[in-house]
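Structure at a glance
Chain by chain, the residues:
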Protein chains: 2
Amino acid sequence: MRQRRAAVMAIGDELVLGQRLDTNSQWISARLVERGVLVVEHVTIEDDADEIARALRRLSERVGVIVSTGGLGPTRDDLTRQALAHAMGEELVEDEQALGQIRAFFESRAMAMPEANRVQAYRPVSARVIPNEVGTAPGLAAQVGGARVWCLPGPPSEMRPMFDREVPGSISTDTEIATAQVQTIGWGESRVGEAIEDLMARGGEAVVGTTASRGIVAVRIRAIGEGCRDRVQELVREIRNRLGPIVFAVGDVSLQQACLDLLRQRRQRLCTVESCTGGMLGEMITQVPGSSAAYLGGWVTYANEMKMREVGVPEGVLADEGAVSSACARAMALGAVRRSGADWALSITGIAGPGGGSEAKPVGTVWIGRASHDGACQTRRFRFRGGREDIRAWSAISALAMLRLGLLGEEMDLLFEEERRDS
Amino acid sequence: MRQRRAAVMAIGDELVLGQRLDTNSQWISARLVERGVLVVEHVTIEDDADEIARALRRLSERVGVIVSTGGLGPTRDDLTRQALAHAMGEELVEDEQALGQIRAFFESRAMAMPEANRVQAYRPVSARVIPNEVGTAPGLAAQVGGARVWCLPGPPSEMRPMFDREVPGSISTDTEIATAQVQTIGWGESRVGEAIEDLMARGGEAVVGTTASRGIVAVRIRAIGEGCRDRVQELVREIRNRLGPIVFAVGDVSLQQACLDLLRQRRQRLCTVESCTGGMLGEMITQVPGSSAAYLGGWVTYANEMKMREVGVPEGVLADEGAVSSACARAMALGAVRRSGADWALSITGIAGPGGGSEAKPVGTVWIGRASHDGACQTRRFRFRGGREDIRAWSAISALAMLRLGLLGEEMDLLFEEERRDS
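Describing the relation of the copies chain B and chain A
With an RMSD of 0.1 Å, the operation that places chain B on chain A is a rotation of 180 degrees combined with a shift of 0.0 Å along the axis. A rotation of that kind, with that shift, is consistent with a two-fold axis. Taken as a fraction of all interface residues of chain B, those also at the interface in chain A reach 100%, which identifies the copy contact as same-surface.

Focus: the sheet that holds strand E15 (residues 344-350) of chain B
Across the sheet, which stays open at both edges, the ten strands sit in the order E17(A)-E16(A)-E15(A)-E13(A)-E14(A)-E14(B)-E13(B)-E15(B)-E16(B)-E17(B) with mixed pairing between neighbours. This sheet does not close on itself; its edge strands, each paired only once, are strand E17 (377-383) of chain A together with strand E17 (377-383) of chain B. Each strand of the sheet is rotated relative to its neighbour by a mean of 15 degrees, with strand direction disregarded. Pairing analysis gives seven bridges linking strand E15 (residues 344-350) of chain A to strand E16 (residues 365-372) of chain A, with the strands arranged antiparallel. The residue bridging Thr 349 of chain A from the neighbouring strand is Trp 367 of chain A, located in E16 of chain A. The strands touched by helix H14 (residues 388-408) of chain B are strand E13 (270-274), E15, strand E16 (365-372) and E17 of chain B; relative to E16 of chain B, the strand with the most contacts, the crossing angle is about 30 degrees.

Some thoughts on helix H2 (residues 24-34) of chain B
Buried within H2 of chain B are the following residues: Asn 24, Ser 25, Trp 27, Ile 28, Ser 29, Leu 32 and Val 33 of chain B. Check the buried side of H2 of chain B and you find it contacts helix H1 (13-16) of chain A together with strand E1 (5-11), strand E2 (38-45), strand E3 (65-69), helix H6 (156-166) and strand E9 (177-185) of chain B. Backbone geometry just after H2 of chain B places Gly 36 of chain B at a positive phi near 85 degrees.

Points about the confidence of the model for chain A
All names here are of chain A. Looking at chain A as a whole, its pLDDT mean stands at 91, while 95% of the residues score no less than 70. pLDDT under 50 marks residues 417-423. Its contacts with residues more than four places away, or in other chains, come to 18 contacts. What the predictor reports for the complex is a pTM of 0.80 with an ipTM of 0.80.

Description of the domain arrangement of chain A
All names here are of chain A. Here the domain parsing of chain A yields domain 1 (2-170), domain 2 (177-250) and domain 3 (255-419). One C-alpha centre belongs to domain 2, the other to domain 3; they are set 30 Å apart. With 13 residues of domain 2 in contact, the opposing surface of domain 3 contributes 15 residues. The junction of domain 2 with domain 3 conceals about 1,300 Å² of combined surface from both sides, 61% of it contributed by carbon and sulfur atoms.

The rules behind each value
Residues numbered from 1 in each chain as written. Chains lettered and ligands numbered in written order. Predicted model: local features only at pLDDT ≥ 70, side-chain atom pairs only at ≥ 80, totals over all residues. Heavy atoms only, no water. Least-squares fit on C-alpha atoms with pLDDT ≥ 70 in both. Contact = heavy atoms within 4.5 Å. Pairing = 2+ DSSP bridges. Helix = DSSP H or I, 4+ residues; strand = E, 2+ residues; numbered from the N terminus. Axes fitted to C-alpha atoms, helices over the stretch in contact; angles between N-to-C directions. Buried < 20%, exposed > 50% of the residue type's maximum accessible area, 1.4 Å probe, protein only. pLDDT = per-residue confidence, 0-100. Domains from an automatic or database assignment. Buried area = accessible area lost by both parts, 1.4 Å probe.

Structural data, given as structure tokens:
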């Protein structure tokens, strides 16, 4: 049982003190779950060799696989090597091959190896050094009690290829885990939860849960053991049936990916014109490899002079109604669709805060426009809550949701339960 | 001692399985550290009442303050309430006032309360319900063993105001903690580490560490106890002296914020024209409130037709040299600076992958241009490593680094150690 359970450790003062966001634990967990290993805990620990060793020993009694990241750098606050040796009850020794690889890394860049990097060639006696093909920090593979331990470097660009090369091939499990996600946009989390409440009861054949993130509600399904794939597939079908048009994808598919797929099926192209989001919508769309097939690009019309000169928003609209208005969102979207020759244009103009709000247009007021090449244009007002980043992200997601409805020819009464009152 | 130490818990299957990134733990930790409470551990646990209760009890023996997020929603997989009651050895009771507040939340939106939301009004007998002014999930304040426990909702827009209203006023410490960060761009982490190696020795008066993230190397300093603020300030001065022009800020200041400050001091304005980053540079710049004072906006010239039509890249440049070339980056930046009337333009064109690379221009090849209103233009080639998102983020950061050098009139030989060979 323990062999099929894993824990993920992130090591670093900067993480535990909140100076930096840990993204490795999520990435590693998703990879382990794909391989049928159930992740049951993440732990983040400061750069303290005793505490790291203590956590390694505690987790080695709970799980069979531990993956840590961080603390393998060349500086004095990198203590994972020492902590691992301590947890194993072993000494550190210099690994000649590892030292050669670190030297070679610097030589290939026509640099001498800084003396500080020498410490990266040390390993606990019975541990194995994992070469780093991207950076200087080698990883370590070892055994602590009943658990296999991999210590990987912190930078994701070094950690990820090392994980993929080393870990999946070494863990084999005899129990299947099947997971699925049904992605929805358009209802709030409790409305989704009510529609599938019976399926979410604990103790059933599968674990069904929901999570909401800026308008997107994902229904997650997980089952273990024989027949789990079929059970999960059956649940996916049932959930799709119940939730209908709000389901935009099954699996780890973003809303922008789903929109791009719809555009490509129709051989249509999109452009964007953004004010308060400053490029976020374009950035989200181009996260998807191959987005160039359906995305032309667009404008960041942050200043009013850009709105007028580049997409032809009339000066009178800005003077009379202001930049955060239906008329401005409409002029932006129609100007963009005409200039670009795209089939669709999305426009966003709003007040992301913290300043700039008024009684009539409080912070969070955002107008979104959706124009099509035939000159049709719909605009919609939203009032988003939260901070500047929340408001901007909700805006970009909502624009994509409006595009999706346009592409499907759907007219839904609401996008987000919380916004019903305003939109 | 224990009163000054805290642990942060994040609760949810979606977190531990890697389906979703936890950003709450970082935010809460930074807030606690600001108040002089040292965060020593983050833990992420699945939606399992027994495991959550076990973690609460374990942490209550290690720290005096525990803040959890998540698991307070209306659906059946939200089990934090039960787990807290279990850890306290108490029953759950319905809280009338809380129920009234949840009802009022829905009424203010002209909706009936879904029956599912009723469970959110339950609390362990001796716990206190914390009203939620933004959403439906009330928080809980309680005592588990020697630790004060706050259970807060998962959505950041609900959690953050609740934390700020409830927690800081309730924790008082008699020991000061002082922290500082010195932000640098231009050297690799080991070169920075060598320059301050003696200051990073463990056991000194203060803890000094470095972290690197996509070109930005932050030097973090932390000291505890009497005189800690002075010690930290002295170290900041010393580190600034040693690192010189690569220091762009002290404190939690982003590179884009530092660039905007320089622009504003000079009363100059910036525009951007992005290909492979698709709007990321504009998005980063407009993360900063008030960026409109120095940022005009720009173009996302993702398709070649946008490059030609909108910023005047000659067709011959695209035909002869391709979109990923010095000539294209130059034409983009010069076209943008002319069209926009800005003082500076930054252009980015590259191959973010995973497809589109060739032997001559492998994935990660990015040209960045920096033009000024007098017609001067510098272009620079980079070869970034990592995945699509890494390459795009390095590109945006590097463009800002080039802008900073331009604003300061500095010519540095390299931006990033790893890129020295190519740039």
